[in-house]
Amino acid sequence: MTANKMWGGRFSRGPSAIMAEINNSIDFDKRLAREDIAGSEAHAAMLAARGIIDKADADSIAAGLATIRKEVDSGSFPFRGEFEDIHMNVESRLAELIGAAAGRLHTARSRNDQVATDLRLWVRDACGRADEGALGFQRALLAQAERHVETIMPGFTHMQPAQPVTFGHHCLAYIEMAERDRGRFADAAKRLNESPLGAAALAGTTYAIDREATASRLGFDRPMRNSMDAVSARDFALEFLGASAIAASNLSRLAEEIFLWASPAFGFIRLPDAFSTGSSIMPQKRNPDAAELVRAKTGRILGAFVTLLTVMKGLPLAYCKDLQEDKEPVFAASDALDLAYAAMAGMVAELTVDAAAMKRAAEKGYPTATDLADWLVAHAGTPFREAHAIAAKAVAKAEALGLTLDKLPLTELKKLAPEITGDVYKVLSIETSVAARKSYGGTSPERVREQIAFWKDRLK
């Protein structure tokens, strides 16, 4: 096997077949083609502006790169395994198109700063796609919240009925989570927005380059200050993966609830046919497969984060070939998250709510027991711990009689606390319980409407 003509001057023969296979990354890093072309265009323009290459060569390079971009966009670009990676594929194709002038493009740069630049550009766009996905998810939740301001459902702790809430309030909780996820992606995009280009292999270059110019052209805020850090840092990718893992975990929580709510045991919602599947043997089945797959993809995304973190944990400065393993987990996690957002937004937008089933479930489990305790505190001056014990005994009595708390006779309540009056029944229904939760952030329809107005303005 002959030496690689792009870098093989030091070698008398080429790599073994196994070495070529383990070293080859074009099958996955071809996804960086557009970013690689953009970086090369910026670099070539800067070299010409600084007089490092002449204008004629720079014009030829620009024309060749424009042709390559068209080939990539049309799917006709000839990706070739013998050129190892996207950088050498682009450069070799450029040489085929424009001849010797292509060899001037790599002046004052290395594949080390080149790939670091490409990946930052790609992750920056991935942060933007994640933000768009989260926004679509929020808007779907907001539409459901607006439809169900007064739809009462059980609120759970420990998956046991706790206190009644509204479905609108429940949807708003996930909007809040998604907003924090969007903030993490925005933070990651802001922090990564520095340019490695011009750091060369690790020590900078002897050429009088203009790193500010290339950074500006590529939309970076500034060049990175340290050349060794520039070529070896991948914490920007880790931050994106960390944000993705948290976002996927939040999506998975709702996916789990949809999975439960759609089951006959709950019967709270019905998923549309577009987001359900059937069984090959049981014709009655409506399986919430989209929700299940969103839940499962969390593992893939979390695994991507752990994969790259493990790659990075023992690397000395500066560049090591281990960093070739940074791209696949980033690409896989981004793809999975984009799909999960689309699936969740679609399911949420099209699901239908069985308000009667939700209300029946909310009435179980004595969810207004806390309201009874609060009434004793407010109207009878009972210390809360004592009121808590009285309410617990009232629940036990209602359970023994097979009654809901608001149907327990006043005579029975007075046996537990003589100071209880008939006014207590004003707080023992689930409707009054929900309406009374008017504290900021509470579930009362009044507060839910306020929050919906806030989010409608924010998510325009």
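Below is a summary of the structure that appears in this document.

### What about the side chain of Glu-41?
Part 1 of the argument: Mapping Glu-41 onto the fold places it in helix α3 (residues 33-49).
Part 2 of the argument: Discounting residues that sit within four places of it in the chain, Glu-41 has contacts with Leu-65, Ala-66, Arg-69 and Arg-217.

### Side note on the packing of α3 against helix α6 (residues 111-147)
Part 1 of the argument: Between α3 and α6, the shortest axis-to-axis distance is 9 Å and the interhelical angle comes to 120°. Taken together, the axes of α3 and α6 lie oblique to each other. Note that α3 runs across α6; the crossing there is right-handed. Contact with α3, carried on its side by Glu-35, Asp-36 and Ser-40, involves Gln-114, Asp-118, Leu-121, Trp-122 and Asp-125 of α6 and no other residues of that element.
Part 2 of the argument: In terms of residue class, the contact of α3 with α6 is built from two nonpolar, two polar and four charged.

### Considering the nonpolar core
Part 1 of the argument: Of all hydrophobic cores here, the largest spans 94 residues; its most connected members are Val-123, Phe-137, Phe-185, Leu-254, Ile-269, Leu-337 and Met-344.
Part 2 of the argument: With 14 residues, helix α10 (residues 235-261) is the single largest residue contributor to this core.
Part 3 of the argument: In contact with Leu-337, not counting residues within four places along its chain, are Ala-130, Phe-185, Ser-244, Ala-247, Ala-248, Leu-251 and Ile-301.
Part 4 of the argument: Listed in part, the 19 residues of the second largest apolar core include Ala-369, Val-395, Ile-420 and Val-424.

### Some thoughts on the pairing of strand β2 (residues 160-166)
Part 1 of the argument: Summarising the sheet, strand β1 (residues 152-157) and β2 pair through six bridges and their orientation is antiparallel. What sits directly across from Ile-152, in β2, is Thr-166.
Part 2 of the argument: Between the end of β1 and the start of β2, which pair antiparallel, lie two residues, with His-158 showing a positive phi angle near 60°.

Cut-off values and rules
Residues numbered from 1 in each chain as written. Predicted model: local features only at pLDDT ≥ 70, side-chain atom pairs only at ≥ 80, totals over all residues. Heavy atoms only, no water. Helix = DSSP H or I, 4+ residues; strand = E, 2+ residues; numbered from the N terminus. Contact = heavy atoms within 4.5 Å. Axes fitted to C-alpha atoms, helices over the stretch in contact; angles between N-to-C directions. Parallel < 35°, antiparallel > 145°, perpendicular 65-115°, else oblique. Left-handed = near helix turned anticlockwise from the far one by under 90°. Nonpolar A, V, L, I, M, F, W, Y, C, P; charged D, E, K, R; others polar. Core = buried A, V, L, I, M, F, W, Y, C linked by side-chain atoms within 4.5 Å. Buried < 20%, exposed > 50% of the residue type's maximum accessible area, 1.4 Å probe, protein only. Pairing = 2+ DSSP bridges.

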